[in-house]
Amino acid sequence: MDPVRTCIGSRRRASRSSLLRVVALSDGRVVADPKAVMPGRGAWLTPTVDAYDQAVKRRAFRRALRLDRDPDTSAVLDHIAGLPQESAERPDMTEQAERLMDN
């Protein structure tokens, strides 16, 4: 069973494997961590431009990563834009994730 995480942009729960982990670096940049192995506090984002835009609008990167100022998230957008279309358009796993959490 794959762990369930919440997207900081859309606030939907989904399996960890369908989300993209992002990590804040010490210089104030936020970068994608597709293998989910980088050290430090991370946050989870649905790998779509819509979810990214929602996270930026809500200032979710700053809040989720506990940063002092608004971070530079352009590297995350570049990573998402570079993903193949089929990987970026994964099915919504919210309903399945909610069923798993209820058990």
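Residues numbered from 1 in each chain as written. Predicted model: local features only at pLDDT ≥ 70, side-chain atom pairs only at ≥ 80, totals over all residues. Heavy atoms only, no water.

(A) A look at the pattern of salt bridges. Counting across every chain of the model gives four salt bridges. Of the charged contacts, one joins Asp70 and Arg59 as a salt bridge, the two residues approaching to 3.9 Å between their closest N and O atoms. Here the residue Asp70 occupies a position in the loop between helix H2 (60–64) and helix H3 (74–81), and Arg59 occupies one in the loop between helix H1 (49–57) and H2, the gap between them amounting to eleven residues. Assessed through its relative accessible area of 43%, Asp70 is described here as partly exposed. Here the salt bridges share partners, and the residues they tie into one network are Arg59, Arg62 and Asp70. (Salt bridge = Lys/Arg side-chain N within 4 Å of Asp/Glu carboxyl O. Helix = DSSP H or I, 4+ residues; strand = E, 2+ residues; numbered from the N terminus. Buried < 20%, exposed > 50% of the residue type's maximum accessible area, 1.4 Å probe, protein only.)

(B) Summary view of the environment of Leu25. Within the secondary structure, Leu25 is located in the loop between strand S3 (20–24) and strand S4 (30–33). C-alpha separation for the pair Leu25 and Pro71, spaced 46 residues apart in sequence, amounts to 9.5 Å. Setting aside anything within four residues of it in sequence, one finds Leu25 in contact with Val31 and Met38. (Contact = heavy atoms within 4.5 Å.)

(C) Up close: the side chain of Arg21. Tracing the backbone through its elements, the reader meets Arg21 in strand S3. By relative accessible area, Arg21 is classed as buried at 11%. Within polar-contact distance, the side chain of Arg21 engages the backbone oxygen of Met38 at 2.9 Å. Here Gly40 takes part through its backbone oxygen, which lies 2.8 Å from a polar atom of the side chain of Arg21. Setting aside its immediate chain neighbours within four residues, Arg21 contacts Val31, Ala32, Asp33, Ala36, Val37, Met38, Gly40, Arg41, Gly42, Ala43 and Trp44. (Polar contact = N/O pair within 3.5 Å; in protein donor to acceptor, adjacent residues only side chain to side chain.)

(D) Quick look at the pairing of S4. Across the two faces of S4 the burial is the same, with Val30 and Ala32 and Val31 and Asp33 all buried. Pairing of S3 with S4, which is carried by four bridges, proceeds in the antiparallel orientation. Bridge assignment links Ala24 to a residue of S4, and that residue is Val30. In textbook terms, the turn of a hairpin is the stretch between consecutive antiparallel strands, and for S3 and S4 this stretch comprises five residues, one of which, Gly28, has a positive phi near 95°. (Pairing = 2+ DSSP bridges.)

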